[in-house]
Amino acid sequence: MSIKQQRRYTPNEFIFREGDTGECAYLIESGSVLVFLTDGKDEMPLRILGDGEVFGEMSLIDGSPRSASCRAIGHTNLIIVTKDQLLDRVRSADAVVRLLLQALLERLRAQNDLLRGKPTSGAPKIDSLAEEKKEVLQRIELEIRIANGLDNDEFHPYYQPIYDLNTGSLMGCEALLRWHSKDKGMISPGVFMDVMEESSLILRAGKMVIEKSLRDLNEMKKVYKNPDFFVSINVSGRQFMDATFLQHLESVREQYGMPATQVKMELTERVMTECLPAMSTLHQLRGLGYLLAIDDFGTGFSSLQYLANMPLTDLKIDRSFIMTMLSDNKSLSIIKFLINMAANLGLSLTAEGIENKNELALLRNLNVSLGQGFLFSKAIPLADFLKLGQLVDVKAA
Ligand code: C2E
Ligand code: CA
Ligand code: CA
């Protein structure tokens, strides 16, 4: 917690002078100040600032000396904003925002230089921004490529089969987004998902995944007659919080005549806890019959208490536990704990990331009901998914 520091100034008292080192910025609590340039003996007023306005921040941000002077007009109370308080916020801002800030500072300083008739030297660069600039530009470029890719229908869900680990029967699939870029070939979510999720692109992509997955579920049901056959769709936080999410989902579902009980929504622990305002959406989804899975369970740090209040139907055990359960007793203990908890809460369990027969044998022994992983299949296009067949041999392990 920062200590609120205040300073009082009498009329005409200097707050700082041009050329001083910037030690802090100021917030005007009451009164007013004049910001001005000096040209020999003359003062060139730049602006008058009043209650609630901030000044003196420029030289803190870019580390250059004060580029103007400032004095109180009447009795003035100022709140001190320390260098650390300000820089912590600048450093934690989005890199694009920092780049814009740098551009604004450069423009402001150039304007001041122009007023003084000086050739402009520009502002010193914000620390570390030069290296970041390249990264930021690459990110913006990727955003544009993704947007074009969405326009050109280059994104499609692939489907990873999910099996009943007891019988080996195909029970459903998880829709996983793939980008078939015209110039770069197949691209996995690891490359584009973060950029998508940090922008509104995820809303367009999410709607597209819902539309294509429900259309494809229609095709799957013609081949796989199991009445409980489901498609599982990943929902990101932004999507879940979007006011049109539920309405869009319902209209697509009605368009394809799919029962909600054959559509599973996967939300991560983080989305569930960070989107508490959208909790009513979760209840509405469940009320309509949708299956609701908590994804990547065990990787967050939230309390278990909230689980009991959420209308969940499924819990997915994160791949990190499956990967290590044969070599690490702690992972195995966590899995056993999750199995117990799921049973007590009446949740169905899915193990993700099963890669070998030993893992499968252990999960079967533990009575985990559903599983997916490279042992069975990676995510594949619809045409290949329709040729998988209804059964795999789970006992051969
Ligand atoms: P996730 O929801 O945890 O999906 C499971 C990931 O594990 C997928 O990676 C899948 O290909 C991978 N996987 C499955 N079995 C195995 C295995 O046996 N071994 C290994 N090493 N990996 C396995 P993918 O497709 O790269 O997706 C990564 C993440 O991107 C997903 O994690 C999900 O969070 C996100 N994602 C994918 N598609 C969508 C989507 O349509 N919408 C949203 N919001 N997120 C998506
Ligand atoms: Ca998932
Ligand atoms: Ca997962």
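The structure under discussion appears in the preceding block.
Now for a look at the structure at hand. Everything numeric in this text was worked out from a predicted model, so none of it was measured.

**A look at the packing of aromatic side chains**
We describe a pair of aromatic rings using the distance from one ring centre to the other and the angle between the two ring planes.
Point 1. In this structure the tally under the stated criterion is 13 aromatic pairs.
Point 2. Seen from their ring centres, Tyr 224 and Phe 385 are 5.9 Å apart, and the 85° between their planes marks the pair as edge-to-face. Here Tyr 224, found in the loop between α6 (201-223) and β12 (230-234), pairs with Phe 385, found in helix α15 (residues 382-385); they are 161 residues apart in sequence, far enough to count as distant.
Point 3. Relative accessible area serves as the criterion here: at 2%, Tyr 224 is assigned to the buried category.
Point 4. For Lys 264, the ring lying beneath its charged end belongs to Phe 230, and the centroid distance is 3.8 Å.
Point 5. A cation sits over an aromatic face here: Lys 378 above Phe 374, 5.0 Å from the ring centre.

**Structural notes on the coordination of the calcium ion (ligand 2)**
Point 1. Every protein donor of the calcium ion (ligand 2) is listed here as Glu 174 (OE), Asn 234 (OD1), Glu 266 (OE) and Asp 295 (OD), and their distances to the metal cover 2.2 to 2.4 Å.
Point 2. Summarised as a motif, the one-chain spacing of the donors to the calcium ion (ligand 2) is E-x59-N-x31-E-x28-D.
Point 3. In this structure, the calcium ion (ligand 2) lies 3.9 Å from the calcium ion (ligand 3), and both are coordinated by Asp 295. Highlighted residues: Glu 174 in strand β10 (residues 170-181) and Asp 295 in strand β14 (residues 291-297), separated in sequence by 121 residues.

**Quick notes on the environment of Cys 24**
Point 1. As for its position among the elements, Cys 24 is in strand β3 (residues 24-30).
Point 2. Each C-alpha atom of the pair Cys 24 and Thr 268 lies 41 Å from the other, and the pair is 244 residues apart in sequence.
Point 3. The residues contacting Cys 24, other than those within four sequence positions of it, are Gly 56, Leu 60, Arg 66, Ile 80, Val 81 and Thr 82.

**A look at the sheet that holds strand β5 (residues 42-49)**
Point 1. An order of β2-β7-β4-β5 is seen for the 4 strands of this open sheet, with the pairing classed as antiparallel. The open sheet is flanked by β2 (14-16) and β5, the only strands paired with a single partner. Strand-to-strand twist across the sheet, computed as the mean angle between neighbouring axes with direction ignored, equals 35°.
Point 2. Here strand β4 (residues 33-39) runs beside β5; their pairing, made up of 7 bridges, is antiparallel. Looking at the pairing, Leu 37 lines up with Met 44 of β5.
Point 3. Contacting β4 and β5, helix α3 (residues 95-116) runs over the sheet at an angle of about 145° to β5.

Conventions we followed
- Residues numbered from 1 in each chain as written.
- Chains lettered and ligands numbered in written order.
- Predicted model: local features only at pLDDT ≥ 70, side-chain atom pairs only at ≥ 80, totals over all residues.
- Heavy atoms only, no water.
- Phe/Tyr/Trp six-rings, centres within 6.5 Å; stacked < 30°, edge-to-face > 60°.
- Helix = DSSP H or I, 4+ residues; strand = E, 2+ residues; numbered from the N terminus.
- Buried < 20%, exposed > 50% of the residue type's maximum accessible area, 1.4 Å probe, protein only.
- Lys NZ or Arg CZ within 6 Å of the ring centre and 35° of its normal.
- Donors = N, O, S within 2.8 Å, 3.2 Å for Na, K, Ca; no water.
- Contact = heavy atoms within 4.5 Å.
- Pairing = 2+ DSSP bridges.
- Axes fitted to C-alpha atoms, helices over the stretch in contact; angles between N-to-C directions.

Read these as layout, nothing more, since geometry by itself doesn't imply function.
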